[in-house]
Amino acid sequence: MYNFVSKGGVVLKEVFPKIIGNSELCERLAKSLLSEDPDLPHAYIIEGAYGTGKRTLAIELAKALVCENRTSPSASALPCDNCRSCRNIAKGICPDVIEIGTDGKASVGVDAIRDLRRDIHIYPNDLDRKIYIINDAHTMTAQAQNALLLTLEEPPAYAFILLLCENSALLLETIKSRAPTIRMKPLSPEETERAMLASDPSLETKKRSDPALFDDIIMSANGSAGLASDLLSGKEAARIAEMRRASEKFCILASNPAKSSALLIHLTEVCTQSRETAKDQLESFSLAVRDLTLLKRDSDAPLRFFSDRERATDLSDSFSLRRLLLISDALLEAISALERNMNTRLTLISMLSRFGMLN
Ligand SMILES: [Zn+2]
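Colleague: Quick one: what's the story with the layout of surface pockets, residue by residue and with numbers?
Modeller: One number sums up the size of the largest pocket: a volume of about 870 Å³. In terms of lining, the largest pocket is formed by 37 residues, of which the most central are G53, K54, R55, T56 and S199. Among the elements of the structure, α2 (54–66), α3 (84–91), β5 (97–100), β7 (159–165), α7 (189–199) and α10 (225–233) are those that each provide at least two residues to the lining of the largest pocket. Considering only residue class, the lining of the largest pocket consists of 17 nonpolar, 11 polar and 9 charged. The space that makes up the second largest pocket amounts to roughly 450 Å³. Taken together, 19 residues line the second largest pocket, and the ones lying closest to its centre are S188, P189, E190, M219 and L303. Among the secondary structure elements, those contributing two or more residues to the lining of the second largest pocket are α7 and α9 (211–220). The element contributing the most residues to the lining of the second largest pocket is α7, with 4 residues. Grouping the constituent residues of the lining of the second largest pocket by class yields 8 nonpolar, 5 polar and 6 charged.

Colleague: Outline the packing of aromatic side chains, supporting the account with residue identities and numerical values.
Modeller: Scanning the entire structure with this criterion turns up 5 aromatic pairs. Consider the rings of Y44 and F160, whose centres lie 6.1 Å apart with planes at 90°: the pair is edge-to-face. Of the two residues, Y44 is situated in strand β3 (residues 43–47) and F160 in strand β7; the sequence distance between them amounts to 116 residues. On the basis of relative accessible area, Y44 is assigned to the buried category, the value being 9%. With a centroid separation of 4.1 Å and 5° between ring planes, the pair formed by F250 and F285 is classed as stacked. Of this pair, F250 sits in helix α11 (residues 236–254) while F285 sits in helix α13 (residues 275–297), placing them 35 residues apart in sequence. Given the relative accessible area of 0%, F285 is considered buried. In this structure an aromatic cluster arises from ring pairing among F250, F285 and F355.

Cut-offs applied
- Residues numbered from 1 in each chain as written.
- Predicted model: local features only at pLDDT ≥ 70, side-chain atom pairs only at ≥ 80, totals over all residues.
- Heavy atoms only, no water.
- 1 Å grid on protein atoms, 1.4 Å probe; cavity = no way out; pocket = protein on both sides within 12 Å on 5 of 7 lines; lining within 4 Å.
- Points joined across faces, edges and corners; volume = space filled by probe spheres on them.
- Helix = DSSP H or I, 4+ residues; strand = E, 2+ residues; numbered from the N terminus.
- Nonpolar A, V, L, I, M, F, W, Y, C, P; charged D, E, K, R; others polar.
- Phe/Tyr/Trp six-rings, centres within 6.5 Å; stacked < 30°, edge-to-face > 60°.
- Buried < 20%, exposed > 50% of the residue type's maximum accessible area, 1.4 Å probe, protein only.

Written as structure tokens, this is what we have:
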């Protein structure tokens, strides 16, 4: 969201009220949209990890561009979400906002782009713009990208094309040179929670029934509200909660050299089912140790593992910085050993001996 403020400090308009986080890019787009004649290019690449709000931004951008109250001084928000254009786009029934995607296949094929190329030359029905949203644009085949390029070179004046992609490196340079890239940043844990609850208010009940699991999942989702929602509704939830409990126990045991045999037993319990489990678990340990290391330097550091800062600070205080760095190195080395298919048990033992927890 971006607050457009008058000289007297009064908020005149909230632009993109539904967009959570990403305030710099909201500000950039808002400034352009608020002008009489929006000077947006004909196409944008919206890049961001799965579940970071690319489609939400595309829909909000489409609404803002055609909102009947776009320049009205009386509308307190852009998009207003009240006019006919905003409402129809929100309901997915606006004939001039067209979404294409993989259609259940592995990639966006050339046929979908050929349809777009034919359709784009037909004047808009309802609005004065015609807006295309290409979901999973990073999966476009080379043939599809080349076909799209022809359109990007000479789009009709009313056309606006949004390419949603997880990785713009998979797009042709020629496409990238014709469509500036908007990058969605991963959300902070607080923003992730707000985005999840905004897109599915029923998650509030899940949060109330198991707040610890809810926090755990948010912290594991690395700033992706979509991933957090998926994790919360799937079987993964229990596994993640267990893995995180195991990581916290790892930190508690590792802070006390007298607990070395308990630590070995713990590692044997949680890491020896399969090499994949062991690797995931070591990565989770590593994320927890990273938080504890950051807290040594800055008590306000953004945390990626611990949802309870006070608890994390106490744990961090039980280590010296040197010891945390040693453990962190040993973990990274063990993860890389497992990637090279080294024996899991031997890897764990050598890791423990590296930070002096083996006797
Ligand atoms: Zn509107």
